[in-house]
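Geometric and topological summary
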Amino acid sequence: MSFVDSLLKHSPKKLSILLVDKRAAPGGHWNDAYGFVTLHQPARNYGVESSKLEAATAHPELLASRAEVLAYYKTVLEGWQAAGHDVRFVGGASFDFEAGAYTAADATTAVAAGTVVDARYTENDLPLHTPPKFAFDASKIDVVPPNELPARAENGRSRYCVVGAGKTGQDAMLYLREKMGVAVESLAWVVPTDPWITARDPPAPQRQITCMEFLAAALDAHAAAGAPAGAADDAAFLQRGFASLEAAGKVYRLDGAAAPTKFMDATLNGREVGVLKGCAPSVVRRGRLASIDGSGALTFADGSTFDLPWADAAATTTFVHCTAGAFDFGASAAEAKRPIWSADGKRITVQEIFQFPGFCFNGAVIAWLECQPALAPDEKNARCEQPPPGGGDAAAAPTPSGLLGALGRGHPLLVSLRNLRRWYATPGMGEWLHGLRLFSLTMNGYTLDEGKALIAKVHDGLVAAGIEK
Ligand SMILES: Cc1cc2nc3c(=O)[nH]c(=O)nc-3n(C[C@H](O)[C@H](O)[C@H](O)COP(=O)(O)OP(=O)(O)OC[C@H]3O[C@@H](n4cnc5c(N)ncnc54)[C@H](O)[C@@H]3O)c2cc1C
């Protein structure tokens, strides 16, 4: 939706667009998200370029609910059509990229498109559709996605074991405590790895940390530590950055004694973190859960076992599956990474070219570049470097798994920095970015000159630290 919106806004040509989606309505994963989900990051930074989402939400902190996000995307689609754009949405239809055709209700329709845009590569994995990453016997153990929690309030099971500590696990715990009123003694929370959590409410006048500001903070912390040599090979570089941000109130952790090893930009305010900290007695920190046996006992990847602290665990416990890993991108993970533009420019594959926050931002940037007639496909690709696939030099956070490591040259943060430098060097692009609601530096109030100055400072600092060339 973000790609299409920016394409319609900036294309020099009149376009005909067919949007095909397996889901019945626009809005992607939000159609199948748990009912109590909201955005966890500001609505003013989410959606499409030409329509504000923040105007459509009544939620505190302007975090849109699932219903508000879905209504927004419906309105965006209708708005394009009302403005006279030739856009058609075909829902409930699966597109076959080999055949160039979609199938809906058993009928297959060939599509003669000049350009095919593949926006599947960042499709989110949801607990509703992705099997739990632990084994269990479904005839004995009740495992549900968080979508079912509201209905579970009436099923007689009074105890809950939440598995997973990403944003979905955090949301499930908050819902159980705050909306369902479940006592901490009746909860177990399997926290496989502790995450750094972005503060939505950093102390005034500070703003929510974004990827380029994170690099600047990490460099400052590096300098304050005496600029130790070999920082690129040292996981301490990123961790020092997080520690300094924690001291500044810009990131949280669940437990002061537990060192976070993961960062996926899950975002909470201090009150929510306080509720989760209050769940400390229920936390089980033994790494990844491997299986739940027929009695409800837990076995972990390291072979250790844990009995839930109540009787009749199998019969009285609902296990909440929050292990999907939204950004594992399971549906396309096995497919080879491709350049964004094919050599002939007739296939565009939307992928991540800039870090947090802002998946929607990636679609808008790729569309804006597509609309530059002076740029050939290879020149567009040259402005959209991607992290190398499968680790290696890129084996550092935030990888798809989000585990924190060293800041190697292929790290997505450095790839993002290099891309932004290229965009600032592209005529007209910096001006566009600093008027774009989806760009994180624009969200945080940076003018074009301030953005360029920040990026120059970060680049120079990384070169001096021996991390960037
Ligand atoms: C619970 C949750 C909360 C989030 N909150 C935020 C937030 O606050 N701020 C933020 O910036 N980001 C947030 N994100 C991330 C962000 O919303 C998503 O990463 C982004 O919307 C992904 O959009 P997408 O179009 O790439 O993927 P999706 O929304 O997953 O859409 C992909 C679509 O492709 C369709 N599809 C796949 N294959 C085919 C095929 N062959 N034929 C037809 N259709 C196909 C699927 O049906 C799906 O609808 C959140 C993610 C989750 C899971």
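Residues numbered from 1 in each chain as written. Predicted model: local features only at pLDDT ≥ 70, side-chain atom pairs only at ≥ 80, totals over all residues.

So, on to the overall build of the protein chain. Scanning the protein chain for helices and strands turns up 15 helices and 18 strands. A compact globule built from 469 residues should have a C-alpha radius of gyration of about 23 Å, and the protein chain, at 23 Å, falls within 12% of that. Dimensions of the protein chain, computed from C-alpha atoms along their principal axes, come out at roughly 70 × 65 × 40 Å. Per-residue burial for the protein chain yields a buried fraction of 42% across its 469 residues. Pairs at least 24 apart in sequence give 70% of the contacts found in the protein chain among residues at least 6 apart. (Helix = DSSP H or I, 4+ residues; strand = E, 2+ residues; numbered from the N terminus. Rg over C-alpha atoms; globule rule 2.2 N^0.38 Å. Buried ≥ 20, exposed ≤ 12 C-beta atoms within 10 Å, placed from the backbone. Contact = placed C-beta atoms within 7 Å.)

Another aspect to go through is the packing of helix α4 (residues 167-179) against helix α7 (residues 270-277). Running from N to C, α4 and α7 cross one another at 80°; their axes reach a closest spacing of 10 Å. When the axis of α4 is compared with that of α7, the two are roughly perpendicular. In this structure, α4 uses Gln170, Met173, Leu174, Arg177 and Glu178 to contact α7, whose residues at the interface are Glu272, Val275 and Leu276. Of the residues assigned to the contact of α4 with α7, the class counts are 4 nonpolar, 1 polar and 3 charged. (Axes fitted to C-alpha atoms, helices over the stretch in contact; angles between N-to-C directions. Parallel < 35°, antiparallel > 145°, perpendicular 65-115°, else oblique. Nonpolar A, V, L, I, M, F, W, Y, C, P; charged D, E, K, R; others polar.)

What the 3 strands build is an open sheet, ordered β11-β10-β12; its pairing is mixed. Among the strands making up the open sheet, the edge pair consists of β11 (251-252) and β12 (262-268). (Pairing = 2+ DSSP bridges.)

This next bit is on the domain arrangement of the protein chain. Here the protein chain is partitioned into domain 1 (2-125 + 328-391) and domain 2 (142-197 + 265-323). Taking only C-alpha atoms, the centre of domain 1 and the centre of domain 2 are 33 Å apart. Taken together, the 8 residues of domain 1 in the interface contact 11 residues of domain 2. Split by residue class, the side of domain 1 that touches domain 2 holds 5 nonpolar, 3 polar and no charged. (Domains from an automatic or database assignment.)

Ordered by their spatial adjacency, 5 strands build an open sheet running β7-β17-β8-β9-β13, and the pairing between neighbours is parallel. Each edge of the sheet is formed by a strand with only one pairing partner; in this case those strands are β7 (142-144) and β13 (283-284). Of the strand pairs in this sheet, strand β8 (residues 159-163) and strand β9 (residues 187-190) are connected by 4 bridges, and their pairing is parallel. Within β9, the position partnered with Cys161 by the bridge is Ala188. Strands in contact with α4 are β8, β9 and β17 (317-321); relative to β8, the strand with the most contacts, it is inclined by about 160°.

Turning our eyes to something else, we now look at the environment of Ala138. With respect to the secondary-structure elements, Ala138 resides in the loop between β6 (116-118) and β7. Taking the number of C-beta atoms within 10 Å as the measure of exposure, Ala138 has 7 and is therefore exposed. Along the sequence, Ala138 and Arg152 sit 14 residues apart, while their C-alpha atoms lie 17 Å from each other.

Moving on, we come to the site of the ligand. Lining the immediate environment of the ligand, one finds 24 residues, of which Lys22, Gly28, Leu39, Phe95 and Thr122 sit closest. When contributions to the shell around the ligand are tallied by element, the ones reaching two or more residues are β1 (16-21) and β3 (94-96). Grouping the constituent residues of the shell around the ligand by class yields 10 nonpolar, 9 polar and 5 charged. (Near = placed C-beta within 6 Å.)

Residues Leu215 and Ile366 are the most contacted members of the largest nonpolar core, which totals 89 residues. Of the domains in this structure, domain 1 (2-125 + 328-391) and domain 2 (142-197 + 265-323) are the two that each give at least three residues to this core. Excluding anything up to four places from it in sequence, Ile366 contacts Phe3, Ile340, Ile348, Val350 and Cys384. If you look at the next biggest cluster of nonpolar residues, it comprises 33 residues, including Val143, Cys279, Leu308 and Phe319. (Core = buried A, V, L, I, M, F, W, Y, C linked by C-beta atoms within 7 Å.)

Moving on to helix α12 (residues 412-424). Residue pairs three or four apart in sequence face the same way in an α-helix, which turns once every 3.6 residues. Taking 1.5 Å as the rise per residue, α12 with 13 residues should run 18 Å; its terminal C-alpha atoms sit 18 Å apart, in good agreement. Packed against the buried residues of α12 are α5 (211-224), α13 (429-433) and α15 (448-464). (Expected span 1.5 Å × (residues − 1).)

Position of Arg383 among the secondary structure elements: in the loop between α11 (377-382) and α12. Judged by C-beta crowding, with 22 C-beta atoms within 10 Å, Arg383 ranks as buried. A C-alpha to C-alpha distance of 8.7 Å links Arg383 and Leu369, two positions 14 residues apart in sequence. Once residues within four sequence positions are removed from consideration, Arg383 is found in contact with Leu369, Asn419, Arg422, Trp423 and Thr426.

The next thing to look at is the pairing of strand β5 (residues 107-110). Along any regular strand the residues' side chains alternate between the sheet's two faces. For strand β4 (residues 101-104) and β5, the ladder comprises 4 bridges, and the chain directions are antiparallel. Across the sheet, the residue bridging to Tyr102 is Thr109, located in β5. Count of turn residues in the β4/β5 antiparallel hairpin: 2 residues, of which Ala105 carries a positive phi of about 50°.

This part is about α15. The terminal C-alpha atoms of α15 lie 24 Å apart, and with 17 residues this matches the ideal 24 Å at 1.5 Å per residue to within 8%. Regarding α15, the residues found buried are Gly451, Ile455, Val458 and Leu462. For α15, the angular spread of buried residues about the axis comes to 65°, placing them on one side. Looking at α15, the residues exposed on the side facing more than 90 degrees away from the buried face are Asp449, Ala453, Ala456, Asp460 and Val463. Backbone geometry just downstream of α15 places Gly466 in the positive-phi region, at approximately 80°. (Arc of directions from axis to C-beta.)

Here the focus is unusual backbone geometry. A cis amide bond links Ala204 to the next residue, Pro205, at an omega of 0°. On the secondary structure map, Pro205 appears in the loop between β10 (195-199) and α5. Cis geometry marks the peptide bond from Phe356 to Pro357, where omega comes out at -15°. For Pro357, the position within the fold is in the loop between β18 (347-349) and α10 (359-370). The phi angle at Ala227 is positive, at roughly 50°, despite the residue not being glycine.

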